[in-house]
Amino acid sequence: MQHKKWAFIISGIVVLCCVSACGSFTDNEEKEISSNKWLDEKDYKNRLLENRVPISEYREDYKLETERIRNADYENLSFSSAEFADFPDGEEVSLLKEEELVVAPQESWDLIGQWLEETGKSDQVDMEKEVRIHTSEAGWQEDREYPYNYPALAEHMDLKDGRGAFISTRDCHYMVYYDMADGKMTEYLGKDELAIYEVEKVYTGDIEASGTLEEIGAQSYPLISGELTIQEGADLLTDYFDHGTVTTPADGVTLGVEKVNVFHLGDVYGYEYLTHRIYKGIPVSCQVYGGFQLVGCPYLPAEDSKYVYIVDDTGVSAYRGNSECMPLTELYTDSRIMGVEDAAQLLSEKLASGLRMDVEKLSMVYAPYDAETDNSDRMLLPSWKFEGTNHTKGEKLVAYVDVLTGDLYYYTIPERHQVK
């Protein structure tokens, strides 16, 4: 599947800027950087900051520094109401490369067959007819309705790549490594529609409650069958992806929950979990402001965004989004980082004039970063993440400061594009 692409648009729809720690940035200046530079391990190591501190010695300092920056007087930053995430576990951070999954057509065929067996759907699906393939290699037929406008995988087992293999019926939907719906929502609502609607947010827009697990995890609601607390649902989710699916997460990867929505589902409720990967104790940055696809930017944030649905007490019923199975390779690993106080000072110095940011949350994450080159791999950069609002324009503002190089990346989202 294609990653989300966000634009480099100076007019203000979305602005993504990349600034070197040793450079400067103003409204009228763009720092031109070769795309290959951001994929080059040697160049990255040449930009390492000298005055970094050992992680093992920094844990206590982190608490002191967050208190200092909360009370500091920055010209363009305010931390007075900021939430500071706990310092993550682990003694090292890495520059990571996320590689594309290589999936042979036969492997996709076998995974779909295994999933049908595990969900009890194998008697309902004629794989020869229903397993289709979304690929430019085989083309598609415009005069046929979905999903039959896509070619049957059984007729194209010689393709180079089987990642786009899927089934999509009224009973169930499954695309290898990307999304799944078991049809429970459509069946409960009496809808004569394809199960894929369950992961397209068709039934989940009527929100009853929303928050983090810490805020609303103890609440419980009646589901299609049984009643679970939101935390119990999250536990089922974790078990499903760590142990129970037909695929295995990449080495070092687990799944974490960023936010939960409780939605009305007819006379009962369902839980929608926005999840993200965690690599060796450090979360991959999660995108919570809504998605949009814009073009023209050579540097693209592609943050994690996987929605998981639980609508009864048996476990995960549907999901869609970034796969936890994407292989991650450590290109460079280090035990010393830039402290958060230095990162805040750098951010204050490098932000474009006119930006006045109220920081609402600060955390250490892996920041996904795409470079539009022939190489489709992405980088995950260990970074301090500053989330907040630029009140000058009513924009959401997300900024990353790389904890190894001090490189700064930030983008803004105007109010009209924000998810309420």
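Draft legend 1. Geometry of the overall build of the chain. The helix and strand inventory of the chain stands at eight helices and 24 strands. When the accessible surface of the chain is split by element, carbon and sulfur atoms take 44% of a total near 18700 Å².

Draft legend 2. Main features of the packing of aromatic side chains. In this structure the tally under the stated criterion is 23 aromatic pairs. Geometrically, the ring pair formed by tyrosine 62 and tryptophan 384 is stacked, given 5.7 Å between the ring centres and 5 degrees between the ring planes. Of the two residues, tyrosine 62 is situated in helix H2 (residues 55–71) and tryptophan 384 in strand S22 (residues 378–390); the sequence distance between them amounts to 322 residues. Taking 6.2 Å as the distance between ring centres and 75 degrees as the angle between the ring planes, the aromatic pair formed by phenylalanine 263 and tyrosine 309 counts as edge-to-face. Note that phenylalanine 263 is positioned in strand S13 (residues 253–265) and tyrosine 309 in strand S17 (residues 306–310), a separation of 46 residues in sequence. A relative accessible area of 0% places phenylalanine 263 in the buried class.

Draft legend 3. Region of the structure containing the confidence of the model for the chain. Averaged over every residue, the pLDDT of the chain is 85; residues scoring 70 or more account for 84%. Between residues 1–16, whose pLDDT stays under 50, and residues either more than four places distant or in other chains, the model counts 65 contacts. Throughout residues 290–299 the model reports pLDDT below 50, and contacts reaching past four residues in sequence, or to other chains, amount to 34 contacts.

Draft legend 4. Spatial organisation of the nonpolar core. Core analysis: the largest hydrophobic core is formed by 58 residues, its most contacted members being Phe79, Val93, Ile337, Leu362, Trp384 and Phe386. Among the elements that make up this core, the one with the highest residue count is strand S21 (residues 357–371) (eight residues). Beyond its immediate stretch of four places on either side in the chain, valine 93 contacts Ile55, Ile282, Tyr332, Thr333, Asp334, Ile337, Met364, Tyr366, Pro382, Val403 and Leu404.

Draft legend 5. Structural view of the side chain of serine 94. Among the structural elements, serine 94 can be located in strand S5 (residues 93–98). Apart from residues no more than four positions distant in its own chain, serine 94 is found in contact with Glu330, Tyr332, Thr333, Tyr366, Leu380 and Pro382.

Draft legend 6. Region of interest: the pairing of S13. Pairing analysis gives four bridges linking strand S10 (residues 207–211) to S13, with the strands arranged antiparallel. Of the residues in S13, the one forming a bridge with alanine 209 is valine 262. Pairing of S13 with strand S14 (residues 268–279) involves 12 bridges; the strand directions are antiparallel. Following the sheet pairing, glycine 256 is matched in S14 by histidine 276. Linking S13 back to S14 in an antiparallel pair, the connection comprises two residues, with glycine 266 at a positive phi of about 60 degrees.

Draft legend 7. Main features of the packing of H2 against helix H8 (residues 340–350). It is at 8 Å that the axes of H2 and H8 come closest, and there the two elements cross at 40 degrees. Here H2 is positioned oblique relative to H8, judged by the angle of their axes. Where H2 approaches H8, its residues Tyr58, Tyr62, Glu65, Thr66, Arg68 and Ile69 are matched on the opposing element by Val340, Glu341 and Ala344. Classifying every residue of the contact of H2 with H8 by side-chain character gives five nonpolar, one polar and three charged.

Draft legend 8. Structural detail: a negative patch on the surface. On the surface, Glu83, Asp86, Glu214 and Glu215 cluster together into a patch of negative charge. Relative to the helices and strands, aspartate 86 is located in the loop between strand S4 (83–84) and S5.

Draft legend 9. Region of the structure containing unusual backbone geometry. Residues tyrosine 146 and proline 147 are joined by a peptide bond in cis, for which omega reads 0 degrees. One non-glycine residue, tyrosine 177, lies in the positive phi region at around 70 degrees. If you trace the backbone, tyrosine 177 turns up in the loop between strand S8 (173–175) and strand S9 (179–181). Its identity as a non-glycine residue notwithstanding, lysine 280 has a phi of 50 degrees, on the positive side.

Draft legend 10. A look at the pattern of salt bridges. Counted according to the given criterion, the structure contains 21 salt bridges. Residue glutamate 258 pairs with lysine 361 through a salt bridge whose shortest N-O separation is 3.6 Å. Linking glutamate 258 in strand S13 with lysine 361 in strand S21, this pair joins segments that are 103 residues apart in sequence. A relative accessible area of 22% places glutamate 258 in the partly exposed class. Residue classification places lysine 361 among the partly exposed residues on the basis of a relative accessible area of 23%.

Draft legend 11. Layout of the environment of leucine 237. Here leucine 237 shows up in helix H7 (residues 230–244). Distance in space between the C-alpha atoms of leucine 237 and leucine 255 is 8.7 Å, their sequence separation being 18 residues. Every residue in contact with leucine 237, bar those within four places of it in the chain, is listed here: Leu255, Tyr273, Thr275, Val308, Ile310 and Val316.

Draft legend 12. Expanded view of helix H3 (residues 105–118). With 14 residues, H3 extends 20 Å from end C-alpha to end C-alpha; this agrees with the ideal 20 Å at 1.5 Å per step. By the burial criterion, the buried members of H3 are Pro105, Ser108, Trp109, Leu111, Ile112, Gly113, Trp115 and Leu116. In this structure, the buried side of H3 is in contact with helix H4 (127–130), strand S7 (165–168), S8, S9 and H7. Glycine 120, located one to two residues past H3, shows a positive phi value of around 70 degrees.

Draft legend 13. Representation of the side chain of aspartate 407 within the structure. Locating aspartate 407 in the fold gives a position in the loop between strand S23 (395–402) and strand S24 (408–413). Looking at aspartate 407, its side chain comes within polar contact range of the side chain of arginine 47, at 2.8 Å.

Draft legend 14. Just the environment of threonine 229, in detail. With respect to the helices and strands, threonine 229 occurs in strand S12 (residues 227–229). Each C-alpha atom of the pair threonine 229 and alanine 218 lies 5.6 Å from the other, and the pair is 11 residues apart in sequence. In this structure threonine 229 touches Gly217, Ala218, Gln219, Ser220 and Tyr271, once residues within four positions along its chain are discounted.

Reading the values: the criteria
Position numbers for residues count from 1 along each chain, tracking the sequence in the order it is written. A pLDDT threshold of at least 70 governs which residues receive local features in this predicted model, and a stricter bar of 80 or more applies before side-chain atom pairs are shown or counted, although totals over entire chains, interfaces and linings include all residues. Derived side-chain values reflect all non-hydrogen atoms in the structure, with water molecules and hydrogen atoms excluded from consideration. Elements are defined by DSSP. Helices are runs of H or I of four residues or more, strands are runs of E of two residues or more, and each kind is numbered from the N terminus. Where accessible areas are quoted, they stem from the Shrake-Rupley method and a 1.4 Å probe; at the residue level, only the protein chains shown are allowed to cover. Any Phe, Tyr or Trp ring, taking Trp's six-membered ring, that has another such ring centre within 6.5 Å forms a pair; planes under 30 degrees apart are called stacked, those over 60 apart edge-to-face, and the others tilted. Three exposure classes are used, based on accessible area relative to the maximum for each residue type with a 1.4 Å probe and protein chains only: buried under 20%, partly exposed in between, and exposed over 50%. On a scale of 0 to 100, pLDDT captures the predictor's confidence in every residue. The criterion used for residue contact is that any of the two residues' heavy atoms lie within 4.5 Å. Each nonpolar core is a collection of buried residues, namely Ala, Val, Leu, Ile, Met, Phe, Trp, Tyr and Cys, held together in the definition by side-chain atoms within 4.5 Å. A pair of strands is treated as paired once DSSP finds two or more bridges between them. Helix axes are fitted to C-alpha atoms over the stretch in contact, other axes to C-alpha atoms as well, and angles between N-to-C directions run from 0 to 180 degrees. Roughly parallel means an angle under 35 degrees; roughly antiparallel, over 145; roughly perpendicular, 65 to 115; everything else is oblique. In this classification, the charged set is Asp, Glu, Lys and Arg, the nonpolar set is Ala, Val, Leu, Ile, Met, Phe, Trp, Tyr, Cys and Pro, and all remaining amino acids, among them Gly, are polar. Think of a patch as exposed residues, more than 30% relative accessible area, with no salt bridge, where like charges cluster within 9 Å and nonpolar side chains (Val, Leu, Ile, Met, Phe, Trp, Tyr) cluster within 5 Å. Between Lys or Arg on one side and Asp or Glu on the other, a salt bridge is scored when a side-chain nitrogen of the former is within 4 Å of a carboxyl oxygen of the latter. Neither His nor the chain ends is counted toward charge; the positive residues are Lys and Arg and the negative residues Asp and Glu. Where a charge lies is defined by one atom per residue type: Lys uses NZ, Arg uses CZ, Asp uses CG and Glu uses CD. One fewer than the residue count of a helix, multiplied by 1.5 Å, yields its expected span. For the purposes of these results, a polar contact is taken to be a pair of N or O atoms within 3.5 Å, where, inside protein, one atom must be able to donate a hydrogen and its partner to accept one; residues adjacent in sequence count only when each atom of the pair is a side-chain atom.

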